[in-house]
Amino acid sequence: NVEEITALLDEENGTLDPRIYSDQDLYELEQERVFGRSWIMLGHEAHVPKAGDFLTAYMGEDPVILVRQKDRSLKVFLNQCPHRGMRICRTDGGNAKSFTCSYHGWAYDIGGNLVNVPYESEAFCEDFNKAEWGPGQARVETYKGLIFANWDKNAPNLREYLGDATFYMDHMLDRTEAGTEVISGMQKWVIPCNWKFAAEQFCSDMYHAGTVSHLSGIEAGLPEGMELSDAKIPTVGYQFRAKWGGHGTGFYVGEPGMLVAIMGPKIAKYWTEGEAAARAERRLGSAERARQLMVQHMTVFPTCSFLPGINTVRTWQPRGPNETEIWAFTVVDADAPDEIKEEYRRQTLRTFSAGGVFEQDDGENWVEIQAVLRGHQARKRRLNIQMGKGRSAADNPHYPGSIGYVYNEEAARGLYHQWIRMMTEPDWDTLGPK
Ligand code: FES
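None of the values given here were measured: they were computed from a predicted structure.

Section: unusual backbone geometry
For step 1, the next point in the chain: Geometrically, the link from F301 to P302 is a cis peptide bond, its omega value of 0° lying close to zero.
For step 2, the next point in the chain: Mapped onto the secondary structure, P302 falls in the loop between β16 (293-300) and β17 (304-306).
For step 3, the next point in the chain: Unlike most non-glycine residues, Y119 shows phi in positive territory, near 55°.
For step 4, the next point in the chain: Inspection of the secondary structure assignment puts Y119 in the loop between β10 (114-116) and α3 (120-123).
For step 5, the next point in the chain: Non-glycine residue N311 carries a positive phi angle of around 70°.
For step 6, the next point in the chain: For N311, the location among the structural elements is in the loop between β17 and β18 (312-318).

A look at the pairing of strand β12 (residues 146-150)
For step 1, the next point in the chain: With five of five residues buried, β12 is to be regarded as a mostly interior element.
For step 2, the next point in the chain: Neither face of β12 is open: one carries L146, F148 and N150, the other I147 and A149, and all of them are buried.
For step 3, the next point in the chain: The pairing of strand β3 (residues 40-44) with β12 spans four bridges and is antiparallel. Counted as the bridge partner of M41 is F148 from β12.
For step 4, the next point in the chain: Alignment of strand β11 (residues 137-143) against β12, held across five bridges, turns out to be antiparallel. Bridge assignment links V140 to a residue of β12, and that residue is A149.
For step 5, the next point in the chain: If you look at the hairpin formed by β11 and β12, you'll find two residues sitting between the two strands, and K144 has a positive phi there, around 45°.

Describing the sheet that holds β16
For step 1, the next point in the chain: What the eight strands build is an open sheet, ordered β13-β19-β18-β17-β16-β15-β14-β21; its pairing is antiparallel. Edge positions in the sheet fall to β13 (180-191) and β21 (402-405), since each of these pairs with one other strand and no more. Taken pair by pair, the neighbouring strands of this sheet meet at an average axis angle of 20°, ignoring direction.
For step 2, the next point in the chain: Relative to β17, β16 runs antiparallel, the two being bridged by three bridges. What sits directly across from V300, in β17, is C304.
For step 3, the next point in the chain: Across the sheet, helix α5 (residues 166-173) lies against β13, β14 (237-241), β15 (248-253), β16, β17, β18, β19 (324-333) and β21, angled at about 120° from β16, the strand it touches most.
For step 4, the next point in the chain: Together, β14, β15 and β16 form the strand contacts of helix α17 (residues 410-424), whose direction differs from that of β14 by roughly 15°.

Digging into the sheet that holds strand β1 (residues 9-10)
For step 1, the next point in the chain: The antiparallel open sheet is built from three strands, whose spatial order is β1-β2-β20. Pairing within the sheet leaves two strands with one partner each, and these edge strands are β1 and β20 (383-384).
For step 2, the next point in the chain: In this sheet, strand β2 (residues 15-16) lies alongside β1 in antiparallel orientation, the contact comprising two bridges. Looking at the pairing, L9 lines up with L16 of β2.

Concerning the packing of helix α11 (residues 265-272) against helix α14 (residues 338-351)
For step 1, the next point in the chain: Close contact between α11 and α14 brings their axes to 9 Å; oriented N to C, the two are set at 125°. Between α11 and α14, the angle is such that the two are oblique. Between α11 and α14 lies a crossing of left-handed hand. Facing α11, whose interface residues are K266, I267, Y270 and W271, α14 presents E339, I340, E343, Y344 and Q347.
For step 2, the next point in the chain: When the residues that make up the contact of α11 with α14 are grouped by side-chain class, the tally is five nonpolar, one polar and three charged.

Thoughts on the packing of aromatic side chains
For step 1, the next point in the chain: One pass over the full model with this rule turns up 25 aromatic pairs.
For step 2, the next point in the chain: Ring geometry for Y161 against W244: centres 5.9 Å apart, planes inclined by 80°, an arrangement best described as edge-to-face. Here W244 lies in the loop between β14 and β15 and Y161 lies in helix α4 (residues 158-162), a separation of 83 residues in the sequence. Residue Y161 shares its accessibility class with W244, and that shared class is buried.
For step 3, the next point in the chain: With centroids separated by 5.8 Å and ring planes inclined at 85°, the aromatic side chains of W316 and W366 adopt a geometry described as edge-to-face.

Thoughts on a negative patch on the surface
For step 1, the next point in the chain: Together, D25, E28, E61 and D62 make up a region of like negative charge exposed at the surface.
For step 2, the next point in the chain: Looking at the secondary structure, you find D62 in strand β5 (residues 62-68).

As for the pattern of salt bridges
For step 1, the next point in the chain: A complete count under the given rule lists 25 salt bridges for this structure.
For step 2, the next point in the chain: The salt bridge partner of R241 is E410, with a shortest N-O separation of 2.9 Å. On the criterion of sequence distance, the pair formed by R241 in strand β14 and E410 in helix α17 is long-range, its members being 169 residues apart. In this pair, the class of R241 matches that of E410, namely buried.
For step 3, the next point in the chain: Residue E425 pairs with R421 through a salt bridge whose shortest N-O separation is 4.0 Å.
For step 4, the next point in the chain: Since its relative accessible area comes to 22%, E425 is described here as partly exposed.
For step 5, the next point in the chain: Taken together, the shared-partner salt bridges in this structure form one network comprising K144, D170, D174, E177 and R283.

Concerning the domain arrangement of the chain
For step 1, the next point in the chain: Considered domain by domain, the chain is made up of domain 1 (40-142) and domain 2 (164-431).
For step 2, the next point in the chain: For the pairing of domain 1 and domain 2, the buried interface totals around 1,200 Å² over both sides, and the portion due to carbon and sulfur atoms is 65%.
For step 3, the next point in the chain: It is M41, H44 and Y58 that lose the most area in domain 1 upon contact with domain 2, and together they represent 45% of the buried surface on that side.
For step 4, the next point in the chain: The interface formed by domain 1 and domain 2 contains one salt bridge.
For step 5, the next point in the chain: D92 is the partner of K188 in a salt bridge, and the nearest nitrogen-oxygen pair spans 3.6 Å.
For step 6, the next point in the chain: Remark: the boundary between domain 1 and domain 2 carries three residue pairs in polar contact (both at pLDDT 80 or more).

As for the side chain of R68
For step 1, the next point in the chain: By the element assignment, R68 lies in strand β5.
For step 2, the next point in the chain: Of note is the side chain of R68, whose polar atom sits 2.7 Å from the backbone oxygen of R72.

Calculation notes
Residues numbered from 1 in each chain as written. Predicted model: local features only at pLDDT ≥ 70, side-chain atom pairs only at ≥ 80, totals over all residues. Heavy atoms only, no water. Helix = DSSP H or I, 4+ residues; strand = E, 2+ residues; numbered from the N terminus. Buried < 20%, exposed > 50% of the residue type's maximum accessible area, 1.4 Å probe, protein only. Pairing = 2+ DSSP bridges. Axes fitted to C-alpha atoms, helices over the stretch in contact; angles between N-to-C directions. Contact = heavy atoms within 4.5 Å. Parallel < 35°, antiparallel > 145°, perpendicular 65-115°, else oblique. Left-handed = near helix turned anticlockwise from the far one by under 90°. Nonpolar A, V, L, I, M, F, W, Y, C, P; charged D, E, K, R; others polar. Phe/Tyr/Trp six-rings, centres within 6.5 Å; stacked < 30°, edge-to-face > 60°. Patch = residues over 30% accessible without salt bridge, like charges linked within 9 Å, V, L, I, M, F, W, Y side chains within 5 Å. Areas by Shrake-Rupley, 256 points an atom, 1.4 Å probe, with all protein chains shown as cover. Salt bridge = Lys/Arg side-chain N within 4 Å of Asp/Glu carboxyl O. Lys, Arg positive; Asp, Glu negative; His and termini not counted. Charge placed at Lys NZ, Arg CZ, Asp CG, Glu CD. Domains from an automatic or database assignment. Buried area = accessible area lost by both parts, 1.4 Å probe. Polar contact = N/O pair within 3.5 Å; in protein donor to acceptor, adjacent residues only side chain to side chain.

Quick look at the structure:
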């Protein structure tokens, strides 16, 4: 019921009902209302460069196939054979001329059209029409290399949906006219917690990085001769809450010590000095944005998250209220020197990957909270989401959107505000950007 769901977040007093992370009924509703109507990031254009290249992916719990077409366009269709419901394609990706269901052999072309049915004339009635029996098609649009899909034909187009968040996405995706490419494969792993812990942290939580969670990991990986105090964990930085849509980001501004401590001196130098940094400055329009804005976290609602500077990109795949499958890959400027690409591959494996040192810190926090929420008392007590309340404003001369201090929960309130609207508004007529 609308009133009950709306009461899960009290923005005015800054409290949140923890049942949003554990309730099975809410989970079922969010499959329909959130994942059935939002733009979901499935991968990067570089994952499917040639005609017939495909990835199998998910939109919520719905399996889909993403395929590059002969005319370079992209199609996304449900990975479910409309005959008796079998998964059409059971591999992670590759190149295909067609897809044949392994149950009874119905075959689909790369556009998702049903093209062959064994014993069609002998076994099916005369009014059977193959054109009516392809799998459901989703809308597909891209933003600077990232591929998004949406089931809802009434949703706004992707650019409109992203709104003022594109300014902050470009900091990673548009530093050079060459765009970005993907290095290494897609890493996939499962953690026992709700997807919203991960999406919220990447949207809104720099607080954990500057306080306790990552300090031992930073210390353990410091380049030779560097002390933790040299990293000078910045105190200057901002957080952005999107005007509409639940997107958010936060970033430090200033000295590159934190980037050196996390990603090493080679990447910090590439990001802040030399030709690549100068080119990014010209392209992005200011040194503050290109060179001094670093170690950024970001979520595009609901499940597309990334860390510009560190350059890991991921999508949080819900697998029930208590489980999330993480799919992660690394992007890098397509024209970066090979040495920098290799360094990004090495450093993101070390820091943010299935075995990454910072990934372990994050996962430990989310998994422990989920375990605590098995308790009845723990689910009764509302959580505090007050940080930065009433202190953000939309008048920063450098940064669009509602801007506040970097340690903040304004963007988290924005994410849950959008989640509640998606869960309660009947359609895009009232949901859309105003
Ligand atoms: Fe796919 Fe029968 S379920 S052909």
